[in-house]
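Close look at the chain arrangement
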Amino acid sequence: MYDINKIKMIISDVDGVWTEGSIYKGHSSTSNIELKKFSVSDGAAVALIREAGMKLALISGRKSSATEARASELKIEDVYNGTLNKIPPYEALKEKYKLSDDEIAYVGDDIIDIPVMERVAVPIATQNASPPCKDSAVHITKKSGGDGAFREAVEWILIKQDRLDIVINNLKQKVQNQ
């Protein structure tokens with residue numbers, strides 16, 4: 001059994017969690033173009049995480065300039081892009097922030113996420129996740145990736161910690177004071 005109140009960091013996959021998993025490719029005479037659709041709702045979850053005093057990291061199995069651009073826009077510092085074996089970056093993040101497995105939650109959707117999900121205290125799968133990924137989760141979101149699933153996972157953690165209302169009220173105060 002896990003203690004959700006110990007969670008200090010949320011790590012997430014990108015494709016299939018922050019996006020629905022589609023990749024749009026194009027080509028011009030000067031460059032290749034890659035597009036992904038990201039949910040604004042998931043971006044807002046970053047503010048919730050920061051206000052809650054938690055750390056956030058992304059570990060994506062696929063190298064993507066669209067992922068890099070979205071992470072940069074949201075000022076997410078810890079981004080591992082193009083990493084099929086997610087254990088080395090997971091271990092690096094634990095060491096960097098002096099955290100243990102029982103202080104980390106992970107949101108994933110597919111088989112390459114399972115090794116990390118088996119280590120963290122709170123593994124979460126999206127509604128569109130593969131069956132083996134769902135089997136590794138302690139919580140499955142109602143929403144699918146790209147449709148606010150990441151935000152739902154963050155809010156679920158904060159609700160279980162009995163902190164969501166406090167975090168939202170603090171964010172509202174900050175907005176009103178700007």
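To start, this report covers the structure provided alongside it. Quick caveat, the model's predicted, so the values are computed rather than measured.

As a further point, take the nonpolar core. Among the nonpolar cores identified, the biggest contains 32 residues, and Ile10, Trp18, Phe150 and Ile157 are the most heavily contacted of them. Elements represented by at least two residues in this core include exactly helix 1 (40–51), strand 4 (55–60), helix 2 (65–73), strand 6 (104–108), strand 7 (122–125), helix 6 (149–160) and helix 7 (164–176). Sorting elements by how many residues they give to this core places helix 6 first, with six residues. Sequence-distant contacts of Phe150, defined by excluding residues within four places in its chain, comprise Ile10, Ser12, Val17, Trp18, Asp42, Ala45, Ile49, Leu56 and Val107.

Taken together, the four bridges between strand 4 and strand 5 (residues 78–81) define a ladder with parallel strand orientation. Considered in strand 5, the bridge of Ala57 is made with Asp78. Crossover strand 4 to strand 5 through helix 2 is right-handed.

Attention now moves to the pattern of salt bridges. On inspection of all chains with the given rule, the structure shows 15 salt bridges. We note a salt bridge from Lys6 to Asp102, for which the minimum N-O separation is 3.2 Å. On the criterion of sequence distance, the pair formed by Lys6 in the segment before strand 1 (9–12) and Asp102 in the loop between helix 3 (87–97) and strand 6 is long-range, its members being 96 residues apart. Judged by its relative accessible area of 30%, Asp102 is partly exposed.

In this structure, Arg70 sits in helix 2. Once residues within four sequence positions are removed from consideration, Arg70 is found in contact with Phe38, Ser39, Val40 and Gly43.

A separate point is the sheet that holds strand 5. Taken in spatial order, the six strands make up an open sheet running 5-4-1-6-7-8, and their pairing is parallel. Of all strands in the sheet, those with a lone pairing partner are strand 5 and strand 8 (139–140), marking the two edges. Pairing between strand 1 and strand 4: four bridges, direction parallel. Across the sheet, Ile11 pairs through a bridge with Ala57, a residue of strand 4.

Reading the values: rules and limits
- Residues numbered from 1 in each chain as written.
- Predicted model: local features only at pLDDT ≥ 70, side-chain atom pairs only at ≥ 80, totals over all residues.
- Heavy atoms only, no water.
- Core = buried A, V, L, I, M, F, W, Y, C linked by side-chain atoms within 4.5 Å.
- Buried < 20%, exposed > 50% of the residue type's maximum accessible area, 1.4 Å probe, protein only.
- Helix = DSSP H or I, 4+ residues; strand = E, 2+ residues; numbered from the N terminus.
- Contact = heavy atoms within 4.5 Å.
- Pairing = 2+ DSSP bridges.
- Right-handed = clockwise from strand over helix to strand, strands pointing away.
- Salt bridge = Lys/Arg side-chain N within 4 Å of Asp/Glu carboxyl O.

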